[in-house]
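Each chain, letter by letter, is given below.
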Amino acid sequence: MAEQAITNNNSVQDQWGQICSQLKTEVGETAFDSWLKPLTLGSFNDGVMNICVPTRFMRNWVITHYSDRIHKIWEKKNPEIKSVNFVVQAVNDDGKGLYSPTCRSLLKKITSTPTPNHIYQSGMASVTGNVETFANADPLSVPLNPQYTFDNFVVGKTNEFAYAAARKVAESRNVSFNPLFLYSGVGLGKTHLMHAIAWHIKQQDPTRNIVYLSAEKFMYKFVRALRYKDTTAFKEQFRSVDVLMVDDVQFMGGKDTTQEEFFYTFNSLIEEGRQIIISADKSPADLDGIEARLKSRLGCGLVADIHPTDFDLRMGILQNKAKQLGVEVPTKVCEFLAQKITSNIRELEGALRRVIAHSQLLSDKEITLDMTQDVLKDMLRSYDRRTTIDEIQKKVAEHFNISVKEMQSSRRARTVARPRQIAMYLAKQLTSRSLPEIGRKFDRDHTTVMHAVRKVEELILEDKSLAEDVDALRRVLEA
Ligand code: ADP
Ligand code: MG
């Protein structure tokens, strides 16, 4: 869709409305409702447009995923807008007096930690309202996405193990692995698999009580219970649960009573032979801020990770999605997208959706490679700018005059080991890859990467010339 030039009497508020409609078409209703709808316009000074975001996590998410796009559209509509700035405006500012200190710290945690989907909406809405009682609180489980089924899940080399584990758990009446712990980077299908398990079990036996919720929602429910001094009712809710799924437990990190509560809930359900399924962005051992006993409990069933996608899987997903949407997308276009958009499936689907929306809005204009490249120009440009681990290895090796092969070898000589550690450190800093993913690129395990990151952090403080090297490399890589 061609962006129109601004007319002078068009206020920024009107422009924002137009931008929102455009973004809604581009990103789809669900993503729009989760991430963009809660944004509100702030002040506009000296070419800087301030946009208010309710939580720090949302701010990070919006900056990573949408700020370039928002800025681009706005710049075209209104050349006076030089930059767009996202500011966090806390939701519970005015409710301070209502909560106990424990509650307040938990609430603070909730409002500043991430929820990557629609759960966010219902959770926050209730945090701000204060007339409800715990008894008429919203249900424990969150609605499942009807699209997230096993049938719609494309299986490839990178996710076949996690898929097989999920199927096994869904199909067996007897608890075989408990808990099933799924982990991967963002947008690789954890939530999809959890919902798929739930749909499957529901279909087999509608009487089974399945509860799916995010770790954040769990914390929120617990805070409510504390607030209404009704933790017994909170515990009661979990009594009759046959299958408990908690998504994104990394957000439970940090020492507080919620973790303890989760630990007890978890243990009592396991003891009673109920199935538990957990997801996170890291393996149990790598979870930050989670107590050791909980980590070991989380890892004592079956741990299955989903690896970053490969080309074949990306092709499969694109073709499947196009078919689902009933749209003809040429193979060349799918190949182009599968080659270019390698980060995760969410972004891949987003790109495809954008191309389709574009063709449909322009009265069913045919989808071609040229048109795809044109529509995704901005996105691909910002994508190209992202640093990859390969690039980091190459640049660091060049800088220290060794080869990438040596960097990946088992040699431990300092002249090779140090650059290797620096490359691992930069990979952790500059990419969104997890420790195991980085490790694989160096033929090492995640603990080696973790050690390297710590080591370089220490060295930067002690060794000025090393700090300068790291800094110079970072600048080259980010350019
Ligand atoms: P995560 O929970 O790991 O961040 P999601 O489960 O939310 O990722 O997946 C992101 C998007 O990608 C969803 O729309 C999901 O349906 C889709 N997706 C992920 N893996 C697959 C797959 N193997 N086949 C089809 N769609 C997938
Ligand atoms: Mg998820």
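Located above this text is the structure these notes cover.
What counts as what
- Residues numbered from 1 in each chain as written.
- Chains lettered and ligands numbered in written order.
- Predicted model: local features only at pLDDT ≥ 70, side-chain atom pairs only at ≥ 80, totals over all residues.
- Heavy atoms only, no water.
- Helix = DSSP H or I, 4+ residues; strand = E, 2+ residues; numbered from the N terminus.
- Buried < 20%, exposed > 50% of the residue type's maximum accessible area, 1.4 Å probe, protein only.
- Contact = heavy atoms within 4.5 Å.
- Lys, Arg positive; Asp, Glu negative; His and termini not counted.
- Salt bridge = Lys/Arg side-chain N within 4 Å of Asp/Glu carboxyl O.
- Polar contact = N/O pair within 3.5 Å; in protein donor to acceptor, adjacent residues only side chain to side chain.
- Axes fitted to C-alpha atoms, helices over the stretch in contact; angles between N-to-C directions.
- Parallel < 35°, antiparallel > 145°, perpendicular 65-115°, else oblique.
- Left-handed = near helix turned anticlockwise from the far one by under 90°.
- Near = heavy atom within 4 Å.
- Areas by Shrake-Rupley, 256 points an atom, 1.4 Å probe, with all protein chains shown as cover.
- Nonpolar A, V, L, I, M, F, W, Y, C, P; charged D, E, K, R; others polar.
- Domains from an automatic or database assignment.

As a further point, take the overall build of the protein. Each helix and strand counted, the protein has 23 helices and eight strands in total. In the protein, which comprises 479 residues, the share counted as buried stands at 51%. Contacts in the protein between residues far apart in sequence, at least 24 positions, make up 76% of those at least 6 positions apart.

Within the fold, Lys 190 resides in helix H8 (residues 190-204). It is Asp 248 that comes nearest to the buried, bridge-free Lys 190 among opposite-charge side chains, at 5.0 Å. Within the local environment of Lys 190, its side chain forms a polar contact with the side chain of Ser 184, the two groups lying 3.1 Å apart. With residues up to four places along the chain from it excluded, the contact list for Lys 190 reads Leu 182, Tyr 183, Ser 184, Gly 185, Asp 248, Ser 279, Ala 280 and Ile 306.

As a further point, take the packing of helix H20 (residues 414-430) against helix H23 (residues 464-478). For the pair H20 and H23, interaxial distance at closest approach is 11 Å and the crossing angle is 50°. Judged by the angle between their axes, H20 and H23 are oblique. The element H20 and its partner H23 pack so that their crossing is right-handed. Within the contact between the two elements, H20 uses Arg 418, Ile 422, Tyr 425, Leu 426, Gln 429 and Leu 430 and H23 uses Leu 466, Val 470, Leu 473, Arg 474, Leu 477 and Glu 478.

Our focus in this paragraph is the site of ligand 1. Among the 18 residues in the neighbourhood of ligand 1, the closest are listed as Val 154, Gly 187, Lys 190, Thr 191 and His 192. In this structure, a nitrogen atom belonging to ligand 1 sits 2.8 Å away from a main-chain N or O atom of Val 154. A distance of 3.2 Å is found between an oxygen atom of ligand 1 and a backbone nitrogen or oxygen belonging to Leu 188. Expressed as a share of its isolated accessible area of 560 Å², the protein-covered part of ligand 1 is 92%. When residues of the shell around ligand 1 are traced back to their parent elements, those giving at least two are H8 and helix H15 (345-361). Its residues assigned to classes, the shell around ligand 1 comprises seven nonpolar, eight polar and three charged. Two domains each put at least three residues into the shell around ligand 1: domain 2 (160-305) and domain 3 (311-384).

Read these as geometric descriptors, not functional statements.
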